[in-house]
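Coordinates in review
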Amino acid sequence: MRSLLAAILNLFLPARGAHRSVAPPPLPPILCPPAPEPPPVITCPHPADVITADGMPLVRPYVVEWERERDEHDRRRLQRERRRAAVLATPGQDYVPWEVAA
């Protein structure tokens, strides 16, 4: 039996001498359809420092959510102050919000 190195070399190297195998016939050329024409180059009428926002949201969703929560908090606070003023007005007391009193 041949050595292990010789067996590996026979696997990866082509045959030599009179027993060399015949080269396979060349493959027929592959006919490809013509490539599509590239789209026309459109020059941008905007300056280079302007970022267009086509297809992108202008404001991030977390900013919108934060503003919505802030507005809801302010609305609830004002409603509490109106209720407090109505309750205190019943016995005849005046209610001045803390922002105005400062």
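Residues numbered from 1 in each chain as written. Predicted model: local features only at pLDDT ≥ 70, side-chain atom pairs only at ≥ 80, totals over all residues. Heavy atoms only, no water.

**So, the overall build of the protein chain**
Definition in use: Each helix corresponds to a stretch of at least 4 residues labelled H or I by DSSP, and each strand to a stretch of at least 2 residues labelled E; elements are numbered beginning at the N terminus. Under the convention used here, a 1.4 Å probe and the Shrake-Rupley method define accessible areas, while residue burial counts only the protein chains that appear.
Of the regular secondary structure elements, the protein chain holds three helices and zero strands. Helices (α) and strands (β) of the protein chain occur, in sequence order from the N terminus, as α-α-α. Working note: accessible area of the protein chain is about 10,600 Å², and carbon and sulfur atoms make up 64% of it.

**Notes on a nonpolar patch on the surface**
Heads up, the condition is: Without a salt bridge and with relative accessible area above 30%, a residue can belong to a patch; like charges are then joined within 9 Å and nonpolar side chains (Val, Leu, Ile, Met, Phe, Trp, Tyr) within 5 Å. Only one rule defines a salt bridge in this text: a Lys or Arg side-chain nitrogen within 4 Å of an Asp or Glu carboxyl oxygen.
A cluster of nonpolar side chains, contributed by Leu 4, Leu 5, Ile 8, Leu 9, Leu 11, Phe 12 and Leu 13, occupies part of the molecular surface with about 800 Å² of accessible area. Mapping Leu 4 onto the fold places it in helix H1 (residues 4–12).

**A word on the confidence of the model for the protein chain**
Which entries qualify depends on this criterion: The predictor rates its confidence in each residue with pLDDT, a number between 0 and 100.
In this model, the protein chain carries a mean pLDDT of 77, and residues with pLDDT of at least 70 account for 69%. In the model of the protein chain, helix H3 (residues 98–101) stands out as the element of lowest mean pLDDT, 65, in contrast to helix H2 (residues 61–89), which has the highest, 91.

**A look at the pattern of salt bridges**
It is possible for side chains of opposite charge to pair when their charged atoms get near one another. What counts is decided by this rule: Exposure classes here rest on a 1.4 Å probe applied to the protein chains alone. A residue is buried below 20% of its type maximum, exposed above 50%, and partly exposed in between.
A full pass over the atoms with the stated rule returns five salt bridges. Taking the shortest distance from any N to any O, the salt bridge between Asp 71 and Arg 70 comes out at 3.7 Å. For Arg 70, a relative accessible area of 37% puts it in the partly exposed group. Between Glu 72 and Arg 76 there is a salt bridge, and its shortest N-O distance comes to 3.3 Å. Within this pair, Glu 72 and its partner Arg 76 are both found in helix H2, separated by four residues, close to a single helical turn. Residues joined by salt bridges that share partners form a network here, namely Glu 72, Arg 75 and Arg 76.

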